[in-house]
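Single-letter residue listing:
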Amino acid sequence: MFNRHDISRNAFSLQGKLAGNGYQRWWHSFTASNVQTGRRKSFFVEFYICNPQAGRPKAVFARQKGDLPSFLMVKAGCWGEDGAQLHKYWGCSRIELELGYPFSVSAGECFLTENGTHGSIRVGQDEAKDNKDLLSDSGEIAWSLIIKKKRSCRLSSRSLAVMKMAGGTVWHAEGMSCEMRGEVVWNGERYKVNPGGSNGYCDMIIGQGWASPHIRINGGQLSNVEDKLLKDSALCIFGGAGGRSAGKALVALVAEGREYLFDPFDPVGLCRCRMDCTERRFKVQWNIVMKTPRYTLTLNLCCNKRNMLRMRYSSLPSGSRSRLVSGSGAFGSVVLEQFGRKKLDLKLRNAYCELGVFDDKGKKVNLQNKPTKKPTL
């Protein structure tokens, strides 16, 4: 169904109108083990380009409402107790791009292509404190990864057209499930990335703005009610279109090799979506119900905020309550019914997650709603 690799969709696409009003994100998340203690930690590496048409030799930041940012930002870091995000910037005229496919992005010592990435970022304490434009924590990271994208989530051209018309957003998860190999050095500690335990994920997003709510969840550790880990299984959720498609999420589920796609963006798919995504004091919750004439999928997921970061981007809407939180270690239940009878009852663990609530008009955004009833269809 959707497991069809198409690396052309990962190509650099900020051309035409998007060159002066758009961004493109290549995201990578994975888990590694400390070579001395064996402690496992989840990391992320992102290459982010916005508005290259306005490019300068140096990065241009949005210091106030109405400013047009233009730069390549490489963001890398980790979640957890010592979680942090480190940023490095280049002006768009100082980066090298491969416009075809496989794509590549190169700037300084940072490099990304379809099957690998390497680079390093160092931000001193004084630099992070004094230079507010960086929006960065202090610390040091270096990484070198080989990426094998085992399973893809390729949407239909109809779905992409609807997403693009609704909010100018295009999403493609060429690496819905990945094996990664390499190493990370995080603040002097060395971590090994082994293919079997890397829990890797890669996707790409192109957009003109940040839709609200923005949702992204991925996990490769699904187990049955007996807590037995399922082979060849993964879950991927994305909701990020705006306009009439706001409040819709796409869900791709693979359970022991069998695929189930719930795509409300596809006008001929007859899929409906209801969701309640809530950020509370100590956790973030996602309650989502997807329904087609044949299947009903109910997801109740949660992530503790001690495993989350507030992600910072210079190009986010300027409303004072705009917020994007990201984390690892999300967990919950996934229940699939076929014609009203339970077909799958699964548990999800150690998933990556993201929830964004934005307001570009300065209005109040309610981020900590009281719990509501589970969404129904």
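Treat the numbers as computed from the prediction; the structure is a model and nothing was measured. (Residues numbered from 1 in each chain as written. Predicted model: local features only at pLDDT ≥ 70, side-chain atom pairs only at ≥ 80, totals over all residues. Heavy atoms only, no water.)

A. Molecular detail of the overall build of the chain. Helices and strands together make up the secondary structure of the chain, namely two helices and 23 strands. For 377 residues, the compact-globule estimate of 2.2 N^0.38 gives 21 Å, and the chain sits close to it at 20 Å. Counting only C-alpha atoms and orienting by the principal axes, one finds that the chain spans roughly 60 × 50 × 45 Å. In the chain, 64% of the contacts between residues at least 6 apart in sequence involve partners at least 24 apart. Counting every atom, the chain has about 16,900 Å² of accessible surface; 46% of that belongs to carbon and sulfur. (Helix = DSSP H or I, 4+ residues; strand = E, 2+ residues; numbered from the N terminus. Rg over C-alpha atoms; globule rule 2.2 N^0.38 Å. Contact = heavy atoms within 4.5 Å. Areas by Shrake-Rupley, 256 points an atom, 1.4 Å probe, with all protein chains shown as cover.)

B. Up close: the pattern of salt bridges. In total, this model carries 21 salt bridges according to the counting rule given. Glu259 serves as the salt-bridge partner of Arg151, at 2.9 Å between the closest nitrogen and oxygen. You can see Arg151 sitting in strand 9 (residues 139-153) and its partner Glu259 sitting in strand 17 (residues 258-262), a full 108 residues away along the chain. Salt-bridge contacts for Glu279 lead to Lys305; the nearest nitrogen and oxygen are separated by 2.6 Å. Taken together, the residues Glu279 in strand 18 (residues 272-279) and Lys305 in the loop between strand 20 (295-304) and strand 21 (308-310) connect sequence positions 26 residues apart. For Lys305, a relative accessible area of 22% translates into the label partly exposed. Several salt bridges converge on common partners, so that one network encompasses Arg25, Glu46, Asp203, Arg216 and Glu354. (Salt bridge = Lys/Arg side-chain N within 4 Å of Asp/Glu carboxyl O. Buried < 20%, exposed > 50% of the residue type's maximum accessible area, 1.4 Å probe, protein only.)

C. A look at the confidence of the model for the chain. When the pLDDT values of the chain are averaged, the result is 90; 91% of them are 70 or greater. Counting interchain partners and residues more than four positions distant, the pLDDT-below-50 stretch residues 361-373 has 23 contacts. (pLDDT = per-residue confidence, 0-100.)

D. Spotlight on the pairing of strand 4 (residues 84-90). Among the seven residues of strand 4, six are classified as buried, and the element is accordingly described as predominantly covered. Here strand 3 (residues 71-78) pairs with strand 4 via seven bridges, running antiparallel. Its bridge partner being in strand 4, Gly77 is matched across the sheet by Gln85. Here strand 3 hands over to strand 4 after five residues, with Gly80 in that stretch at a positive phi of 110°. (Pairing = 2+ DSSP bridges.)

E. Structural context of the side chain of Asp276. Mapped onto the fold, Asp276 is located in strand 18. We note that Asp276 is buried and unpaired, the nearest opposite charge coming from Arg280 at a distance of 9.1 Å. Within polar-contact distance, the side chain of Asp276 engages the side chain of Thr278 at 3.2 Å. (Lys, Arg positive; Asp, Glu negative; His and termini not counted. Polar contact = N/O pair within 3.5 Å; in protein donor to acceptor, adjacent residues only side chain to side chain.)

F. Inspection of unusual backbone geometry at higher detail. The omega angle of the peptide bond from Tyr101 to Pro102 is 5°, so this bond is cis rather than trans. Residue position: Pro102 is located in the loop between strand 5 (96-98) and strand 6 (104-107). Residues other than glycine seldom take positive phi values, yet Glu256 does so here, at roughly 50°. Inspection of the secondary structure assignment puts Glu256 in the loop between strand 16 (250-255) and strand 17.

G. Representation of the environment of Glu96 within the structure. Within the fold, Glu96 resides in strand 5. Residues Glu96 and Phe358, spaced 262 residues apart in sequence, show a C-alpha to C-alpha distance of 32 Å. Residues in contact with Glu96, not counting those within four places in the same chain, are Ser104, Val105 and Ser106.

H. Representation of the layout of surface pockets in the model. There is about 520 Å³ of room inside the second largest pocket. What lines the second largest pocket is a set of 22 residues, among which Lys150, Ser177, Gly196, Gly220 and Ser233 lie closest to the centre. Residues of the lining of the second largest pocket, tallied by class, amount to seven nonpolar, ten polar and five charged. (1 Å grid on protein atoms, 1.4 Å probe; cavity = no way out; pocket = protein on both sides within 12 Å on 5 of 7 lines; lining within 4 Å. Points joined across faces, edges and corners; volume = space filled by probe spheres on them. Nonpolar A, V, L, I, M, F, W, Y, C, P; charged D, E, K, R; others polar.)

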